[in-house]
Amino acid sequence: MTRRRTFTAQFKAQAVLDVLSGQKSAADICRDHQLKPQVVSGWKTDFVNHAAQVFAPAETRSQEQQRIAELERLVGRPALELEILKKSYRQLEVSVETKRALVQQLAAEYPTVLLCATVELPRSTYYDQGQAGEAETTLKARRKTLAGR
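Owing to the predicted nature of the structure, the values given are computational and were not obtained by experimental measurement.

*Asks:* Can you help me understand the side chain of D18 in this one?
*Replies:* On the secondary structure map, D18 appears in helix 1 (residues 9-21). In this structure, D18 is in contact with Q23, K24 and I29, ignoring residues within four places of it in sequence.

Have a look at this one:
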């Protein structure tokens with residue numbers, strides 16, 4: 001069983017334009033590309049039937065395309081607003097303590113993972129409430145003294 005050939009839209013358009021312009025006959029196209037006359041005739045019919053769409057205004061787009069465009073606008077606006085807010089937030093140079101307090105305040109309504117990502121606070125920093133043990137405090141003090149030398 002032979003595999004069915006597929007042709008690009010550009011190839012079909014060029015073949016139909018060759019026939020319509022008189023550069024080649026339909027028989028020549030069929031012979032050159034080993035096509036059946038019905039195939040070229042179908043392409044020609046489709047081409048002629050849809051030619052008016054090339055000059056149609058944007059308002060005549062299909063309802064699906066209009067709905068897709070509307071949904072893309074609806075999704076795009078909040079994404080753009082979020083990007084603006086994040087850039088503005090970064091320029092405020094908010095302290096880690098303020099970020100942690102903000103996440104704690106909103107944690108009842110939103111997932112902690114999402115809040116930490118939004119305010120650019122590592123979750124490990126959020127969960128480490130600064131309650132260092134005695135050994136850790138001693139270690140930090142020792143590092144400071146060594147760094148001071």
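And the narrative resumes.
*Asks:* Where do I start with the pattern of salt bridges in this structure?
*Replies:* A side chain with one charge can pair with a side chain of the opposite charge if their charged atoms come near. One pass over the full model with this rule turns up six salt bridges. R31 is the salt-bridge partner of D28, the closest N and O atoms lying 2.5 Å from each other. With a gap of three residues between them, D28 and R31 both fall in helix 2 (residues 26-33), about one helical turn apart. Judged by relative accessible area, D28 falls into the partly exposed class, the value being 28%. Assessed through its relative accessible area of 57%, R31 is described here as exposed. Here K87 ties to E83 by a salt bridge, and the two come within 3.4 Å at their closest N and O atoms. With K87 and E83 both in helix 4 (residues 63-92) and four residues apart, this pair spans about one turn of that helix.

Here is what the cut-offs are and how they apply
Residues numbered from 1 in each chain as written. Predicted model: local features only at pLDDT ≥ 70, side-chain atom pairs only at ≥ 80, totals over all residues. Heavy atoms only, no water. Helix = DSSP H or I, 4+ residues; strand = E, 2+ residues; numbered from the N terminus. Contact = heavy atoms within 4.5 Å. Salt bridge = Lys/Arg side-chain N within 4 Å of Asp/Glu carboxyl O. Buried < 20%, exposed > 50% of the residue type's maximum accessible area, 1.4 Å probe, protein only.

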